[in-house]
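Summary of the model geometry
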Amino acid sequence: MTDHETIAVYDTRAGDYAKLEPSETPSDTLAAFIKALPDGARVLDLGCGPGSSARHMVRAGCVVDALDASAEMIELASSIDGVTARQASFDDISGAAIYDGVWANFSLLHAARTDMPRHLAAIHTALKPGGLFHIAVKEGSGEGRDNLGRHYTYYTEFGLTALLQTAGFSVGPYRRGRDKGLSGTDDNWISVTAHA
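Residues numbered from 1 in each chain as written. Predicted model: local features only at pLDDT ≥ 70, side-chain atom pairs only at ≥ 80, totals over all residues. Heavy atoms only, no water.

**Some details on the overall build of the protein chain**
We apply this condition: Helix and strand definitions here come from DSSP, where helices need a minimum of 4 consecutive H or I residues and strands a minimum of 2 consecutive E residues; each element is numbered from the N-terminal end. Type-normalised accessible area, obtained with a 1.4 Å probe on protein chains alone, sets the label of each residue: buried when under 20%, exposed when over 50%, and partly exposed for intermediate values. Contact criterion: two residues are considered in contact whenever any of their non-hydrogen atoms come within 4.5 Å of each other. For accessible areas, the Shrake-Rupley method is used with a probe of radius 1.4 Å. Any residue's cover is judged against the shown protein chains and nothing else.
Each helix and strand counted, the protein chain has six helices and nine strands in total. Evaluated residue by residue, the protein chain yields a buried proportion of 47% over its 196 residues. Counting only contacts in the protein chain whose residues sit at least 6 apart along the sequence, the fraction spanning at least 24 positions is 64%. Accessible surface, the protein chain as shown: approximately 9000 Å² in total, 52% of it carbon and sulfur.

Shown next, in the form of structure tokens:
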């Protein structure tokens, strides 16, 4: 189920969020993801935000479908040459063996924990065999709202690995970090690239 309070925050703060994301060069994680894709790969940027990652993937020759539940974020992403962006929720993931890669960078952490198995199963189905799936989440346990009102579900490496494996993914090495986000707090995160 889509959390309307979270979407409202992103609609209101889309411009502020866009300023947080580096625009000139991709992160090391994104660069590695792009490098591992075949030439001309079709990629789903799930929860694309203002489209910063989609821009880098398009520049690298990928065909990018960008989805976000926030209308304001989609407006920003749609302004990027080569990016096809549309407003949609995680439940709108459909199709089979369409994508060479799915990039879900700090987006699925807004889904309720009970919904995650369904979303991961849909992503696995949408990926071509052997396709890449990047997911980044905040590390921890439980669910709750941050000081802006956004809903978060927190994950441990063990818990996320179990969910991914149940959905049919093979899980690669994890990356870890700590960053300051839109809310101004420093949070630990984990990310992983899995194979369908």
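Okay, back to it.
**Examining the nonpolar core**
General note: in soluble globular proteins, nonpolar side chains tend to be found buried as a group. Rules: By nonpolar core is meant a set of buried Ala, Val, Leu, Ile, Met, Phe, Trp, Tyr and Cys residues that side-chain atoms within 4.5 Å join together.
Membership of the largest hydrophobic core comes to 31 residues, with the highest contact counts inside it found for Leu-46, Leu-108, Ile-123, Phe-133, Ile-135, Leu-160 and Leu-164. Put simply, the parts of the chain that give this core at least two residues each are strand E1 (42-46), strand E4 (99-105), helix H5 (116-126), strand E5 (127-138), helix H6 (157-166) and strand E9 (186-195). Excluding anything up to four places from it in sequence, Ile-123 contacts Leu-46, Ile-93, Val-102, Leu-108, Phe-133 and Phe-169. Of all hydrophobic cores here, the second largest spans 20 residues; its members include Val-43, Cys-48, Met-57 and Leu-132.

**Side note on the environment of Ala-97**
Relative to the helices and strands, Ala-97 is located in the loop between strand E3 (83-87) and E4. Taking relative accessible area as the criterion, Ala-97 reaches 41% and is therefore assigned partly exposed. On a C-alpha basis, the gap between Ala-97 and Gly-130 in space is 9.9 Å, while along the polypeptide they are 33 residues apart.

**What to know about the pairing of E5**
Stated precisely, the cut-off is as follows: Note: two strands are recorded as paired if DSSP finds a minimum of 2 bridges between them. The handedness of a crossover follows from its direction of travel: if, with the strands pointing away from the viewer, the path from the first strand over the helix to the second runs clockwise, the crossover is right-handed.
Burial within E5 is extensive, with nine of its twelve residues counted as buried. Two elements, E4 and E5, share six bridges in a ladder whose sense is parallel. By the bridge assignment for E5, Tyr-99 is matched with Leu-127. In terms of handedness, the path from E4 via H5 over to E5 forms a crossover that is right-handed. Where E5 lies against E9, seven bridges are found, and the strand directions are antiparallel. Residue pairing across strands places Leu-132 opposite His-195, the latter belonging to E9.

**What about H6?**
Because the α-helix completes a turn every 3.6 residues, residues three or four places apart line up on one side. As a reminder of what qualifies: In this description, one arc is meant: the one made by directions from the helix axis to the C-beta atoms.
For H6, the set of buried residues is Leu-160, Thr-161, Leu-163 and Leu-164. The buried residues of H6 occupy an angular sector of 165° when the element is viewed end-on, so they sit on one face. Relative to its buried face, H6 has exposed residues pointing more than 90 degrees away, namely Phe-158 and Thr-166. One or two residues past the end of H6 sits Gly-168, with phi positive at roughly 105°.

**Structural notes on the packing of aromatic side chains**
What counts is decided by this rule: Two rings from Phe, Tyr or Trp (for Trp, the six-membered ring) form a pair when their centres sit within 6.5 Å of each other. Planes less than 30 degrees apart are called stacked, planes more than 60 degrees apart edge-to-face, and all others tilted.
On inspection of all chains with the given rule, the structure shows four aromatic pairs. A ring pair is formed by Phe-106 and Trp-189, whose centres lie 5.9 Å apart and whose planes are at 90°; its orientation type is edge-to-face. Here Trp-189 lies in strand E9 and Phe-106 lies in the loop between E4 and H5, a separation of 83 residues in the sequence. When its relative accessible area of 27% is taken as the criterion, Phe-106 is described as partly exposed. A ring pair is formed by Tyr-152 and Tyr-154, whose centres lie 6.0 Å apart and whose planes are at 25°; its orientation type is stacked.

From the geometry alone we can't say anything about function, so treat these as descriptive.
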